[in-house]
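What follows is each chain in one-letter form.
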Amino acid sequence: MAEAENIIDVVDLTVGYDGIRLMENLNFSVSRGEIFGILGGSGSGKSTLLKHLIGLYRPFSGDIRIFGESMVNAGERAKRDLRRKFGVSYQNGALFGSMTLLENVAMPLEEHTDLSREEIKEIALEKLRSVGLEKFADYLPAEISGGMMKRAGLARALALNPELLFFDEPSAGLDPLMSADLDRLILSLRDSTGTTIVLVTHELESIFSIIDRVIILDRESRGIIDSGDPRLLRTGSEHKWVRDFLSRDGMTLAASSVRR
Amino acid sequence: MRTFIINVGRDAADGFSGAAGGVAFLGEVCCGVAETLRHPEKLRWRFVWYYLELCGRKSVPIVVYICFLMGVILAFQAAVQLRNYGAELFVADLLAFSVLKELGPLMVAVIATGRAGSSFAAEIGTMKVDEEINALRTMGINPCRFLVVPKLLAMVVSLPLLTVIGDIMGLAGGLAVAVSYLGMPAGVYISRTFEVLRPDVLYMGVLKTVFFAVLITLVGCYRGFASSSDAQGVGRAATLAVVNGILAVVIADAVLTLVYMAWGY
Ligand SMILES: Nc1ncnc2c1ncn2[C@@H]1O[C@H](COP(=O)(O)OP(=O)(O)OP(=O)(O)O)[C@@H](O)[C@H]1O
Ligand SMILES: [Mg+2]
């Protein structure tokens, strides 16, 4: 992280759904190589914010710049070009039901590269291997478990080696071992390729073991109530809710053994 | 009264935003078609085959039954009337024109709306619930190119073929009545049919179904994309796909009839 180059800049962003303003005048940036967490209570608008960041919804006002380009004012084509540069891993995988895992992972490659069939297959298998699913390459999404779908979704998000990755609840619904595995995978992605990662999560384990910096959304005040290093916020935040949220029962920083 | 006016206003506004959504959808479909024409290698033939199976081959039995019976019913009704005037032979004329011009294309289109239109809506609606549509968008893929174009292609190919089958079965139904009920020799009926029919009657009827195919597919897919993201929403989308699809087909048929007439056909 030599140069503090911003990958994402959010400026005075107001988001919500027709009529309802959920978050007003958000300002934050994510710098290159950072693992950035979006936290907040259930229903606070984390997924909503994420969907705006990836350009699925149009904000009420404000701007989102990704790689320096405005996502809000971009035309459909510019938006599409921008989207090729980042990967999104959805809460439930969002795999295409009529295609096998291999075909799912191969799809971004087929759409956006000129590689040969063999090369694509090679890369797709490699990505599946990295999430531990190479044995299931020929399965359909309906034939595997929820956790596996999620990992396959991640493999697909990784297919084009994006510089930026978005996750919605990567470890929800995974067993503790698997979610520790996933945390390790996310960390190694960042450490080996410098991928910038934005994730929405509830898991304290992940929060303390991999996330560098968080913002905490609050529904009441429709904004960010606190931000910074989660390890410091746990005791140092001036908001009781944040301290409580970050120090739920039995959680120790032992989880940070995952880290390196 | 006030709430009534407000509701009417709201419905009109919904209709308007619905129309705006429809225009955006049409735009995306056109982009999808243009992209496919520019990069035909990106078309997923496997999906085209799948929908050809679904809308085409698997619809053959129902088309055969319904069109044959429709021919029987129509011929029977006509025979009862025409017999009074000793004009049984004209059953062949009546059948030939009404089946080939109107009933064949329309029946097949209605069947296709029920089978294909509803399944398109349900499929796309379910994909929306599972965030697959969002996933496509964030992968930088136009969902219409991926989801609508293969369906469109399959429907435009299969509906005219089904119509030819339906037409033949309708005429066969008429023949069955002529032979069994009117005691007409099969040869007489058949030669009368060929005598009055010009091939362009068949072509123009079949041509209509190309328009129907496009409409049924677009309405079905649009309903899927517009469905709300829950299980009930998907059910409603499938119903609306059929209701709106049939309406669209009938309106298009009326318009096409006028156009054909204006052409002096
Ligand atoms: N498509 C939508 N249309 C209207 N309102 C919505 C829509 N999606 C979500 N909401 C509302 O927005 C609020 C925030 O939802 P969101 O999914 O962003 O919460 P979240 O922080 O991700 O919660 P969770 O932790 O439970 O996933 C909720 O109150 C929800 O009712
Ligand atoms: Mg959420």
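In what follows, the structure referred to is the one given above.
Conventions and cut-offs
Residues numbered from 1 in each chain as written. Chains lettered and ligands numbered in written order. Predicted model: local features only at pLDDT ≥ 70, side-chain atom pairs only at ≥ 80, totals over all residues. Heavy atoms only, no water. Near = heavy atom within 4 Å. Polar contact = N/O pair within 3.5 Å; in protein donor to acceptor, adjacent residues only side chain to side chain. Areas by Shrake-Rupley, 256 points an atom, 1.4 Å probe, with all protein chains shown as cover. Helix = DSSP H or I, 4+ residues; strand = E, 2+ residues; numbered from the N terminus. Nonpolar A, V, L, I, M, F, W, Y, C, P; charged D, E, K, R; others polar. Buried < 20%, exposed > 50% of the residue type's maximum accessible area, 1.4 Å probe, protein only. Pairing = 2+ DSSP bridges. Contact = heavy atoms within 4.5 Å. Axes fitted to C-alpha atoms, helices over the stretch in contact; angles between N-to-C directions. Left-handed = near helix turned anticlockwise from the far one by under 90°. Phe/Tyr/Trp six-rings, centres within 6.5 Å; stacked < 30°, edge-to-face > 60°. Lys NZ or Arg CZ within 6 Å of the ring centre and 35° of its normal. 1 Å grid on protein atoms, 1.4 Å probe; cavity = no way out; pocket = protein on both sides within 12 Å on 5 of 7 lines; lining within 4 Å. Points joined across faces, edges and corners; volume = space filled by probe spheres on them. Buried area = accessible area lost by both parts, 1.4 Å probe. Salt bridge = Lys/Arg side-chain N within 4 Å of Asp/Glu carboxyl O. Parallel < 35°, antiparallel > 145°, perpendicular 65-115°, else oblique. Patch = residues over 30% accessible without salt bridge, like charges linked within 9 Å, V, L, I, M, F, W, Y side chains within 5 Å.

Engineer: How do you make sense of the site of ligand 1 when you look at a structure like this?
Structural biologist: Residues and elements named next belong to chain A. Surveying the vicinity of ligand 1 reveals 13 residues, the closest of which are Ser 42, Lys 46, Ser 47, Thr 48 and Arg 219. Within the side chain of His 202, an N or O atom sits 3.0 Å from an oxygen atom of ligand 1. For ligand 1, whose free accessible area comes to 630 Å², the fraction covered by protein is 62%. No other element matches helix 1 (residues 46-53), which puts three residues into the shell around ligand 1. Of the residues belonging to the shell around ligand 1, the class tally is two nonpolar, eight polar and three charged.

Engineer: Whenever I open this one, the pairing of strand 7 (residues 164-168) of chain A confuses me. Can you help?
Structural biologist: Every other side chain in a regular strand lies on the same face of the sheet, so the side chains alternate between the two faces. Residue and element names in this part refer to chain A. Here strand 7 lies mainly inside the structure; five of its five residues are buried. Residue alternation in strand 7 divides its side chains into two sets, Leu 164, Phe 166 and Asp 168 and Leu 165 and Phe 167, and both sets are buried. Looking at chain direction, strand 6 (residues 86-89) and strand 7 are connected through four bridges and run parallel. Note on strand 7: the bridge partner recorded for Phe 86 is Leu 164. With five bridges connecting them, strand 7 and strand 8 (residues 196-200) associate as parallel partners. Following the sheet pairing, Phe 167 is matched in strand 8 by Leu 199.

Engineer: Mind showing me how you'd approach the sheet that holds strand 5 (residues 69-70) of chain A here?
Structural biologist: Pairing between the strands of a sheet is mediated by backbone hydrogen bonds and can be parallel or antiparallel. All names here are of chain A. Reading across from one edge, 2-1-4-5 is the order of the four strands in this open sheet, with antiparallel pairing throughout. Because the sheet does not close on itself, it has two edges, and the strands there are strand 2 (20-31) and strand 5. Across the sheet, helix 1 is in contact with strand 1 (6-17), strand 2 and strand 4 (61-66); its angle to strand 1 comes to roughly 120°.

Engineer: Explain the environment of A:Ser44 here, please?
Structural biologist: All names here are of chain A. Mapping Ser 44 onto the fold places it in the loop between strand 3 (35-40) and helix 1. You can call Ser 44 buried: its relative accessible area is 3%. Residues Ser 44 and Lys 240 lie 196 residues apart in sequence; the distance between their C-alpha atoms is 17 Å. Apart from the residues lying within four places of it in its own chain, the contact partners of Ser 44 are Met 23, Leu 217 and Arg 219. There is a polar contact of 2.7 Å between the side chain of Ser 44 and the backbone oxygen of Gly 41.

Engineer: Hey, could you run me through the packing of helix 3 (residues 60-83) of chain B against helix 4 (residues 90-129) of chain B in this one?
Structural biologist: The description of two helices packed together rests on the angle between their axes and the distance between the axes. All names here are of chain B. Axis separation between helix 3 and helix 4 bottoms out at 10 Å; the angle between their running directions is 145°. Considering the relative orientation of helix 3 and helix 4, their crossing is right-handed. Between helix 3 and helix 4, the contacting residues are Ile 62, Val 63, Ile 66, Cys 67, Met 70, Gly 71, Leu 74, Ala 75, Ala 78, Ala 79 and Leu 82 on the first element and Phe 90, Val 91, Leu 94, Leu 95, Ser 98, Val 99, Leu 103, Gly 104, Met 107, Val 108, Ile 111 and Arg 115 on the second.

Engineer: Can you walk me through the packing of aromatic side chains in this structure?
Structural biologist: Each aromatic ring pair is specified by the distance between its two centres and by the angle formed by the two planes. Tallying each qualifying case throughout the model produces twelve aromatic pairs over all chains. Geometrically, the ring pair formed by A:Tyr17 and A:Tyr57 is edge-to-face, given 5.5 Å between the ring centres and 90° between the ring planes. One end of the pair, A:Tyr17, is in strand 1; the other, A:Tyr57, is in the loop between helix 1 and strand 4, with 40 residues separating them in the sequence. Residue A:Tyr57 is classed as partly exposed on the basis of its relative accessible area of 36%. Taken together, A:Phe96, B:Phe47 and B:Phe146 form an aromatic cluster joined through their ring pairs. When the ring centre of A:Phe96 is taken as origin, the NZ or CZ atom of A:Arg156, which lies over that ring, is 4.7 Å away. Of note, B:Arg83 hangs over the ring of B:Tyr181, and the distance from its end group to the ring centre comes to 4.8 Å.

Engineer: Teacher, can you tell me more about the layout of surface pockets here?
Structural biologist: Empty space left among the atoms is revealed by rolling a probe the size of a water molecule over them. When its volume is computed, the largest pocket comes out at roughly 1200 Å³. Along its surface, the largest pocket is lined by 31 residues, and A:Leu56, A:Tyr57, B:Lys128, B:Arg137 and B:Phe225 are the ones closest to its centre. Broken down by secondary-structure element, the contributors of at least two residues to the lining of the largest pocket are strand 1 and helix 2 (76-83) of chain A together with helix 1 (2-38), helix 4, helix 5 (132-138) and helix 8 (199-226) of chain B. Here the lining of the largest pocket gets five residues from one element, more than from any other, and that element is helix 1 of chain B.

Engineer: Help me out: how do you make sense of the interface of chain A and chain B in this one?
Structural biologist: Quoted interface sizes are often the accessible area lost when the parts come together. Across the contact, 25 residues belong to chain A and 21 residues belong to chain B. Across the chain A/chain B interface, buried area totals approximately 2000 Å², and carbon plus sulfur atoms make up 50% of it. At the boundary of chain A and chain B, one finds six salt bridges. B:Arg44 is paired through a salt bridge with A:Glu111; the nearest N and O atoms lie 3.3 Å apart. The set of elements that each furnish at least two residues to the side of chain A that touches chain B consists of helix 2, strand 6 and helix 3 (101-112) of chain A. In terms of residues, the side of chain A that touches chain B owes the most to one element, helix 3 of chain A, which gives six residues. Taken together, the residues that form the side of chain A that touches chain B break down as eleven nonpolar, five polar and nine charged.

Engineer: Just checking my understanding: could you explain the packing of helix 2 (residues 45-56) of chain B against helix 4 of chain B for this structure?
Structural biologist: All names here are of chain B. Contact pair helix 2 / helix 4: the axes reach a minimum separation of 9 Å and the direction vectors enclose 135°. Here helix 4 runs oblique to helix 2, going by the angle between their axes. Residue-level inspection shows Tyr 51, Leu 54 and Cys 55 of helix 2 in contact with helix 4, the latter providing Arg 115, Ala 116, Ser 119, Phe 120 and Glu 123. Classifying every residue of the contact of helix 2 with helix 4 gives five nonpolar, one polar and two charged.

Engineer: Explain a nonpolar patch on the surface to me, please; I cannot follow it from the model alone.
Structural biologist: Residues and elements named next belong to chain B. On the surface, Leu 247, Ile 251, Val 255, Val 259 and Trp 263 cluster together to form a nonpolar patch covering roughly 520 Å² of accessible area. Position of Leu 247 among the secondary structure elements: in helix 9 (residues 231-262). Residue Leu 247 is classed as exposed on the basis of its relative accessible area of 52%.

Engineer: Sorry, what's going on with the sheet that holds strand 7 of chain A here?
Structural biologist: Residue and element names in this part refer to chain A. If you trace the six strands from one edge of the open sheet to the other, you get 6-7-8-3-9-10, paired in mixed fashion. The open sheet terminates on both sides in strands that have one partner only, identified here as strand 6 and strand 10 (223-228). Strand after strand, the sheet turns through a mean of 15° between neighbouring axes, direction not considered. Strand contacts of helix 1: strand 3, strand 7, strand 8 and strand 9 (213-218), with the helix running at about 140° to strand 3, the strand carrying the most contacts.

Engineer: Please clarify how the pattern of salt bridges should be interpreted in this entry.
Structural biologist: Pairs may arise between side chains of opposite charge once their charged atoms sit close together. One pass over the full model with this rule turns up 29 salt bridges over all chains. A:Arg80 is paired through a salt bridge with B:Glu35; the nearest N and O atoms lie 3.0 Å apart. Placement of A:Arg80 in helix 2 and of B:Glu35 in helix 1 is noted, with the two residues assigned to different chains. For the pair A:Arg80 and B:Glu35, one class covers both residues: buried. Residues B:Arg137 and B:Glu28 are paired through a salt bridge, measuring 3.0 Å at the closest nitrogen-oxygen approach. With B:Arg137 in helix 5 and B:Glu28 in helix 1, this residue pair connects regions lying 109 residues apart in the sequence. Look at the salt bridges and you will find they share partners, linking A:Arg80, A:Glu110, A:Glu111, B:Glu35, B:Arg44 and B:Arg145 into a network.

Any functional reading would require information beyond the geometric quantities listed.
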